[in-house]
Amino acid sequence: MKQHNSHFIDFVARVRESRSVIIGAAVVVLLSLLATFAPQLSPNSPAKACLDDRLISPFAESKYPLGTDHLGRCVLSRLLYGARISLAVGIIVVGISATAGTILGVVSGYYGGVLDALIMRLVDATLAFPSIFLAVAIAGLLGQGLVSVMIALVAVDWTRYARVGRGSVLSLKEKEFVESARSLGESDHYIMARHILPNIIAPIIVVATLGMAYVILSAAALSFLGFGPQPPTPEWGAMLNAGRVYMRTEPHLTILPGLAIMVMVLAFNLLGDGLRDVLDPRRVVIE
């Protein structure tokens, strides 16, 4: 118990010393709160169109603090609700990818042999294609919609967790505490769940945090190409696509959703980079 307490105290101390973690976490929390309370913070309905109020510039009217788009919809309201979609897609895709990929990686690394070869060849085949092009192909086959985007991203994103999980297991399965568990007659499932998974959580958390940035950016790219949620659903990538026609006359229609994507992606990248140092497996080992 004392050892675990010392690990926790050491972890908190490293978090407090990491500016990347503090800044990244603060921005992520702020964006999450804005998304959570979007109905209360939005001055207007994000889907309500009013052609009489179309293409109003930011700060020109108090009713529309960040202006309106080509259909007279409130840009601020659409940005707030768009944050909900981006975060939801990131959490769902990363959650499914991390769970499935980690399990496959642990099983592959622990058992080895033919099972390991089959899983790793599937990983290699998936990685042989540029991830965004493969996601576009899958989304194109499945059709337009948010579910199609999430399935496409899960199909290309699970591989990173499988590789990290397998590599971590290969370095752990011959350790003394794993051999001791085998000598005591513990089952393979118990050993993987009790002794191996806790020791690979740190790198998986880092990969998942950085993966949030990748998924959010990729989802916006797919929506920009027309594969994501369809109008009038507010989504940042779709807002970019709709606003590009007015880049010269109404640049705020592309600048604002672009900034929103950049800030969210940068926040998760900062958080992930900081956690990579804080959760350094050479300094934190759970046995």
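Values in this document were obtained by computation on a predicted structure and should not be read as measured data.

Observations regarding the overall build of the chain
Right, on to step 1. Scanning the chain for helices and strands turns up 11 helices and zero strands.
Right, on to step 2. What you see in the chain, going N to C, is helices and strands ordered as α-α-α-α-α-α-α-α-α-α-α.
Right, on to step 3. Principal-axis analysis of the C-alpha atoms gives the chain an extent of 75 × 45 × 25 Å.
Right, on to step 4. At a minimum sequence separation of 6, the contacts of the chain that also span at least 24 residues come to 73%.
Right, on to step 5. Of the roughly 14,800 Å² that the chain leaves accessible, carbon and sulfur atoms contribute 66%.
Right, on to step 6. On the chain, the mean spot of the 23 positive side-chain charges and the mean spot of the 20 negative ones are 3 Å from each other.

With respect to the packing of aromatic side chains
Right, on to step 1. Under the counting rule described, the total for this entry stands at one aromatic pair.
Right, on to step 2. The interplanar angle of 85 degrees and the centroid separation of 5.3 Å between the aromatic rings of Tyr110 and Tyr111 together place this pair among those described as edge-to-face.
Right, on to step 3. You can call Tyr110 buried: its relative accessible area is 8%.
Right, on to step 4. Judged by relative accessible area, Tyr111 falls into the partly exposed class, the value being 40%.
Right, on to step 5. Note that Arg160 overlies the ring of Tyr214, its terminal NZ or CZ placed 4.7 Å from the centroid.

Some words on the side chain of Ser97
Right, on to step 1. Take Ser97: it is sitting in helix α4 (residues 75-111).
Right, on to step 2. Of the residues examined, Ser97 reaches a relative accessible area of 0% and is grouped as buried.
Right, on to step 3. The contact partners of Ser97, leaving out residues within four places of it in the chain, are Thr102, Leu153, Val154, Asp157, Trp158 and Tyr161.

Here's the deal with the pattern of salt bridges
Right, on to step 1. By the definition in use, this model includes seven salt bridges.
Right, on to step 2. When the shortest N-O distance is used, the salt bridge between Asp69 and Arg78 registers 4.0 Å. For the pair formed by Asp69 and Arg78, the shared burial category is buried.
Right, on to step 3. When the shortest N-O distance is used, the salt bridge between Arg160 and Asp157 registers 2.9 Å. Here Asp157 and Arg160 lie together in helix α7 (residues 146-172), a separation of three residues that amounts to about one turn.

A closer look at a nonpolar patch on the surface
Right, on to step 1. On the surface, Val29, Leu33, Phe37 and Leu41 cluster together into a nonpolar patch covering about 360 Å² of accessible area.
Right, on to step 2. Locating Val29 in the fold gives a position in helix α2 (residues 19-36).
Right, on to step 3. Given a relative accessible area of 47%, Val29 falls into the partly exposed group.

Here we look at the environment of Gly140
Right, on to step 1. Tracing the backbone shows Gly140 in helix α6 (residues 131-142).
Right, on to step 2. Linking Gly140 and Phe227, residues 87 residues apart in sequence, is a C-alpha distance of 7.0 Å.

About the criteria used
- Along every chain, residues carry numbers that run from 1 in the direction the sequence is written.
- Local features in this predicted model are restricted to residues whose pLDDT is 70 or higher, and side-chain atom pairs enter the listing and the counts only when it is 80 or higher, whereas totals over whole chains, interfaces and linings include all residues.
- Water and hydrogen atoms were dropped before computing side-chain values, which therefore reflect all heavy atoms in the structure.
- Helix numbering and strand numbering both begin at the N terminus, where a helix is a DSSP run of H or I of at least 4 residues and a strand a DSSP run of E of at least 2.
- Residues are treated as being in contact if the distance between any of their heavy atoms lies within 4.5 Å.
- Method for areas: the Shrake-Rupley scheme with a 1.4 Å probe, in which residue coverage is limited to the protein chains shown.
- In this tally, Lys and Arg are treated as positive and Asp and Glu as negative; His is ignored, and so are the chain termini.
- For the purpose of locating charges, the reference atoms are NZ of Lys, CZ of Arg, CG of Asp and CD of Glu.
- Stacked, tilted and edge-to-face are the three classes assigned to paired rings of Phe, Tyr and Trp, where Trp is represented by its six-membered ring and a pair needs centres within 6.5 Å; plane angles under 30 degrees give stacked, over 60 edge-to-face, the rest tilted.
- For every residue, the accessible area obtained with a 1.4 Å probe (protein chains only) is divided by the maximum for its type, and the residue is called buried under 20%, exposed over 50%, and partly exposed between those limits.
- In our convention, an over-ring charge means Lys NZ or Arg CZ found within 6 Å of a ring centre and within 35 degrees of that ring's normal.
- For this document, the term salt bridge refers to a Lys or Arg side-chain nitrogen within 4 Å of an Asp or Glu carboxyl oxygen.
- Only residues whose relative accessible area exceeds 30% and that form no salt bridge are eligible for patches; like-charged ones are grouped when within 9 Å, while nonpolar side chains (Val, Leu, Ile, Met, Phe, Trp, Tyr) are grouped when within 5 Å.

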